[in-house]
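Descriptive structure summary
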Amino acid sequence: MGGRELIGILVEIFVADLLTVIGLSGQKLAIMRAKIAQEEILAERRRISTSFEYNLVESSGRTEVNMVKDPKWLLAFVIFILGQASEAISLSFASQTDVVSVSNLTLFWNSLFSVFLFREKFTLYPTYPELSLRLFRRWDLFSVTLLVAGSIITVLATPQPDEKGMTVGKLMSMWFEFPYCIYATFLAVSIAACAIALTRNWGNEATGNLNAVLVATASAMISAFTVTISKVEMTLLGKTIKGENQFTSFSVFFMSFLWILSMVASIWLLNVGLSHFEQGLIVPIYEVVGTLVTITSGILYYKTYDEFDVGNWVGFIIGLFCMCW
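Before going into details, it helps to say that this report is about the structure given with it. Computed from a predicted model, the values in this text were never measured in an experiment.

Re the overall build of the chain
- Scanning the chain from terminus to terminus reveals 12 helices and zero strands.
- Element order for the chain, N to C, with α for helix and β for strand: α-α-α-α-α-α-α-α-α-α-α-α.
- Of all 325 residues assigned to the chain, the portion counted as buried reaches 48%.
- Summarising the internal contacts of the chain: among those between residues at least 6 apart in sequence, 77% fall at separations of at least 24.
- When the accessible surface of the chain is summed, it comes to about 17,100 Å², and 69% of that surface belongs to carbon and sulfur atoms.

With respect to the pattern of salt bridges
- Under the defined criterion, the tally for this structure stands at two salt bridges.
- One salt bridge connects Glu-177 with Lys-170, and the closest N-O pair in it is separated by 3.7 Å.
- Put simply, Lys-303 and Glu-177 hold a salt bridge, and the shortest N to O gap is 2.8 Å. Taken together, the residues Lys-303 in the loop between helix 11 (279–302) and helix 12 (310–323) and Glu-177 in the loop between helix 7 (168–173) and helix 8 (180–201) connect sequence positions 126 residues apart.
- Take Lys-303: its relative accessible area is 23%, and that puts it in the partly exposed class.
- Assessed through its relative accessible area of 24%, Glu-177 is described here as partly exposed.
- Among the ionic contacts, a cluster of salt bridges with common partners joins Lys-170, Glu-177 and Lys-303.

Looking at the nonpolar core
- In terms of nonpolar packing, the biggest core is built from 60 residues, with Tyr-180, Val-232, Leu-236 and Tyr-301 touching the most fellow members.
- Those elements that provide at least two residues to this core are helix 3 (71–91), helix 4 (96–103), helix 7, helix 8, helix 9 (208–241), helix 10 (250–276), helix 11 and helix 12.
- In terms of residues, this core owes the most to one element, helix 9, which gives 15 residues.
- With residues near it in sequence (within four places) discarded, Leu-236 still touches Val-168, Leu-171, Gln-246, Phe-247, Val-252 and Met-255.
- Val-21, Val-102, Trp-109 and Val-155 belong to the second-largest nonpolar core, a separate cluster that totals seven residues.

Describing a nonpolar patch on the surface
- Judged by side-chain polarity, Phe-250, Phe-254, Phe-257, Leu-258 and Leu-261 come together as a nonpolar surface patch covering roughly 530 Å² of accessible area.
- Looking at the secondary structure, you find Leu-261 in helix 10.

Thoughts on the packing of helix 4 against helix 6 (residues 140–157)
- The geometry of helix 4 relative to helix 6 is characterised by a closest axis approach of 8 Å and an angle of 175 degrees between their N-to-C directions. In terms of orientation, helix 4 and helix 6 fall into the roughly antiparallel class. Residues Thr-97, Asp-98, Ser-101 and Val-102 of helix 4 form the contact with helix 6, whose own contacting residues are Ser-151, Thr-154 and Val-155.
- The class makeup of the residues in the contact of helix 4 with helix 6 is two nonpolar, four polar and one charged.

As for unusual backbone geometry
- Between Phe-178 and Pro-179 the backbone carries a cis peptide bond, its omega angle lying at 5 degrees.
- The residue Pro-179 is located in the loop between helix 7 and helix 8 in this model.
- Despite not being glycine, Lys-303 shows a phi value in the positive range, around 55 degrees.

With respect to helix 12
- An ideal rise of 1.5 Å per residue puts 20 Å on 14 residues; helix 12 measures up with 20 Å between its terminal C-alpha atoms.
- Asn-312, Gly-315, Phe-316, Gly-319, Leu-320, Cys-322 and Met-323 are the residues of helix 12 that are buried. For helix 12, the angular spread of the buried residues around the axis is 160 degrees, confining them to a single face. Those residues of helix 12 that are exposed and aimed more than 90 degrees away from the buried face are Val-310, Ile-317 and Phe-321.
- One side-chain oxygen of the residue at the start of helix 12 lies 3.1 Å from the amide nitrogen of Gly-311, identifying that residue as Asp-309.

The rules we used
Residues numbered from 1 in each chain as written. Predicted model: local features only at pLDDT ≥ 70, side-chain atom pairs only at ≥ 80, totals over all residues. Heavy atoms only, no water. Helix = DSSP H or I, 4+ residues; strand = E, 2+ residues; numbered from the N terminus. Buried < 20%, exposed > 50% of the residue type's maximum accessible area, 1.4 Å probe, protein only. Contact = heavy atoms within 4.5 Å. Areas by Shrake-Rupley, 256 points an atom, 1.4 Å probe, with all protein chains shown as cover. Salt bridge = Lys/Arg side-chain N within 4 Å of Asp/Glu carboxyl O. Core = buried A, V, L, I, M, F, W, Y, C linked by side-chain atoms within 4.5 Å. Patch = residues over 30% accessible without salt bridge, like charges linked within 9 Å, V, L, I, M, F, W, Y side chains within 5 Å. Axes fitted to C-alpha atoms, helices over the stretch in contact; angles between N-to-C directions. Parallel < 35°, antiparallel > 145°, perpendicular 65-115°, else oblique. Nonpolar A, V, L, I, M, F, W, Y, C, P; charged D, E, K, R; others polar. Expected span 1.5 Å × (residues − 1). Arc of directions from axis to C-beta. Polar contact = N/O pair within 3.5 Å; in protein donor to acceptor, adjacent residues only side chain to side chain.

Such coordinate-based values are descriptive only and should not be taken to indicate function.
Structure follows, in structure tokens:
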């Protein structure tokens, strides 16, 4: 690993991941406070209303919380955006696989904020002290340690793609080359399937956790497109800064539009999930699914697998297993 890759990894861990979790936690906290305030208002209305008016309060008093006008939520949202922008910067230094692997450390930062900000429980010792696979269930310290180890192993096992010869034409053609085009089609169909299922099941309390999984999964899959486009954009921008202007065709500007669109869609879906479900449920699913699909995207897009030897494959598979335990 060279110094350039190390800079990208450090930016991802200590800037992008940290700012992302601060932003998500701030948004969640603002939503929680707004809902508590709404419940207090409704309780006061029930207290002062007559018995006839009580049913009206129950049926029409509850409204959706509008967070766009909340300055605390907006500040947290800006911090989250800065985290996403920092990830794009880290992609200009390190490979997509390396950046996405260490982005899993978002769960480490998330654990700290869950404990100290939301007062959630973090288990240091096994919950089920018995010699079986059940030993590792709900053992948070073990999960976080395995996650960090998996990220390090994956980074060390993955070769760096050669980006020196990448041109606009080459980067654009790679979107339609096998096997990435098949994989991208699969992701697009999966996102559409999640959207259809959410449309049919939204509001059904019996499918609450399923809806959380669908929202987090769809957001993670869209994020995979965002990260891949971000890597391409940063490569083109780097060449442009060096004097080789790459922004000279309609296809490049259209890709930039898709980059912004996918980023907005992913962030919007993630916020929908956080406003309706627990952060401890949404964030882990988003990170694990996002890691798997984004690492796969990078390997297939840049055909990094051509550089893998037996040792790379073994380390890569072990690293993925550890991260997704």
